[in-house]
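Chains, contacts and geometry: an overview
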Amino acid sequence: MSTQVNITTITPQQEAQDFEVRSLDTMCVNESHMHHPWWYNFKYAAVGLIFGVVFVKAEIISWFRIQEMFRLQSFHMYGVIGTAVVVGIISVWLIKKFKVKTIHGEAIEFHPKKFNKGQIYGGLLFGLGWAVTGACPGPLFAQIGTGALVISVVVLSAIAGTWTYGYFRDKLPH
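Residues numbered from 1 in each chain as written. Predicted model: local features only at pLDDT ≥ 70, side-chain atom pairs only at ≥ 80, totals over all residues. Heavy atoms only, no water.

1. Describing the packing of helix H3 (residues 63-70) against helix H5 (residues 117-133)
- Across the interface, H3 lies against H5 with an axial gap of 8 Å and an inter-helix angle of 130°. One element, H3, and the other, H5, form an angle in the oblique class. Seen from above, H3 lies across H5 with left-handed handedness. For the pair H3 and H5, the contacting residues are Trp-63, Ile-66, Gln-67, Met-69 and Phe-70 in the first and Gly-127, Trp-130, Ala-131, Val-132 and Thr-133 in the second.
- Tallied by class, residues from the contact of H3 with H5 come to 7 nonpolar, 3 polar and no charged. (Axes fitted to C-alpha atoms, helices over the stretch in contact; angles between N-to-C directions. Helix = DSSP H or I, 4+ residues; strand = E, 2+ residues; numbered from the N terminus. Parallel < 35°, antiparallel > 145°, perpendicular 65-115°, else oblique. Left-handed = near helix turned anticlockwise from the far one by under 90°. Contact = heavy atoms within 4.5 Å. Nonpolar A, V, L, I, M, F, W, Y, C, P; charged D, E, K, R; others polar.)

2. Concerning H5
- In a regular helix each residue adds 1.5 Å, so 17 residues correspond to 24 Å; H5 covers 25 Å between its end C-alpha atoms and thus fits that length.
- For H5, the N-terminal cap is Asn-116; the gap from its side-chain oxygen to the backbone nitrogen of Gly-118 is 2.9 Å.
- Looking one or two residues past H5, Gly-134 carries a phi angle of roughly 70°, positive in sign. (Expected span 1.5 Å × (residues − 1). Polar contact = N/O pair within 3.5 Å; in protein donor to acceptor, adjacent residues only side chain to side chain.)

3. Remarks on a nonpolar patch on the surface
- Taken together, the side chains of Val-86, Ile-90, Trp-93, Leu-94, Phe-98 and Val-100 define a hydrophobic patch exposed on the protein surface, amounting to about 580 Å² of accessible area.
- Here Leu-94 is to be found in helix H4 (residues 76-98). (Patch = residues over 30% accessible without salt bridge, like charges linked within 9 Å, V, L, I, M, F, W, Y side chains within 5 Å. Areas by Shrake-Rupley, 256 points an atom, 1.4 Å probe, with all protein chains shown as cover. Salt bridge = Lys/Arg side-chain N within 4 Å of Asp/Glu carboxyl O.)

4. So, the confidence of the model for the protein chain
- Considering every residue of the protein chain, the mean pLDDT works out to 84; 83% of them sit at 70 or more.
- Across the protein chain, H4 holds the top mean pLDDT of 95, while helix H1 (residues 12-24) sits lowest at 64. (pLDDT = per-residue confidence, 0-100.)

5. Section: unusual backbone geometry
- For Leu-72, which is not glycine, the phi dihedral falls at a positive 55°.
- In this structure, Leu-72 sits in the loop between H3 and H4.
- For Leu-72, a relative accessible area of 70% translates into the label exposed. (Buried < 20%, exposed > 50% of the residue type's maximum accessible area, 1.4 Å probe, protein only.)

6. Some words on the nonpolar core
- Among the nonpolar cores identified, the biggest contains 9 residues, and these are Phe-55, Ile-60, Ile-61, Ile-66, Met-69, Met-77, Trp-130, Cys-136 and Ala-142.
- Once residues within four sequence positions are removed from consideration, Trp-130 is found in contact with Ile-66, Met-69, Phe-70, Met-77, Ile-81, Ala-135 and Cys-136.
- Ranked by size, the runner-up nonpolar core spans 5 residues in total, among them Leu-140, Ile-151, Val-154 and Val-155. (Core = buried A, V, L, I, M, F, W, Y, C linked by side-chain atoms within 4.5 Å.)

7. Focus: the side chain of Gln-67
- With respect to the helices and strands, the residue Gln-67 is situated in helix H3.
- Non-local contacts of Gln-67, meaning those with residues more than four positions away in its chain, are made with Ala-131 and Gly-134.

8. With respect to the pattern of salt bridges
- One pass over the full model with this rule turns up 2 salt bridges.
- For Glu-68, the salt bridge is made with Arg-65, and the minimal N-O distance between the two is 3.5 Å. Within this pair, Glu-68 and its partner Arg-65 are both found in helix H3, separated by 3 residues, close to a single helical turn.
- The structure contains a network of salt bridges with shared partners spanning Glu-59, Arg-65 and Glu-68.

9. Describing the side chain of Ser-74
- Along the polypeptide, Ser-74 turns up in the loop between H3 and H4.
- For Ser-74, the side chain forms a polar contact with the main-chain nitrogen of His-76, separated by 3.2 Å.
- Aside from chain neighbours lying at most four places away, what touches Ser-74 is Arg-65, Glu-68 and Met-69.

Rendered as structure tokens:
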């Protein structure tokens, strides 16, 4: 019995072209090259757990709050989102001004992004999914943690959509 293995090599030109295409997307081009033991992930799990508790207590994961937002009946969610945007703007400004590095000493770089109409279509599709399901990707797991197991369908759908995009990404216009 023989086994045939196909090995594909990537040329430097293909790698540079892939990097160029990826830099137009919203993918991270600052990926860390440091490798840490598996147990390092526990600190991220702890922060995620705290983040989830805050989401639950602030009612950010409430389907009713999200529906109020999309029906323009309440300022609650707009206040939360607006506060997050302001904090983000100030944080990026401070990182750039003081050349802040990661906790491991790596430089943080910001790369300009080119606008394309796919961002509009993606934003509309995202907003529609958010309005229909009452769930944004951030709080999905917090919603499951509160016992809303029906959100598992949304999680599986998000995973399927991400996989589908990754599968067809090279064939899509960017």
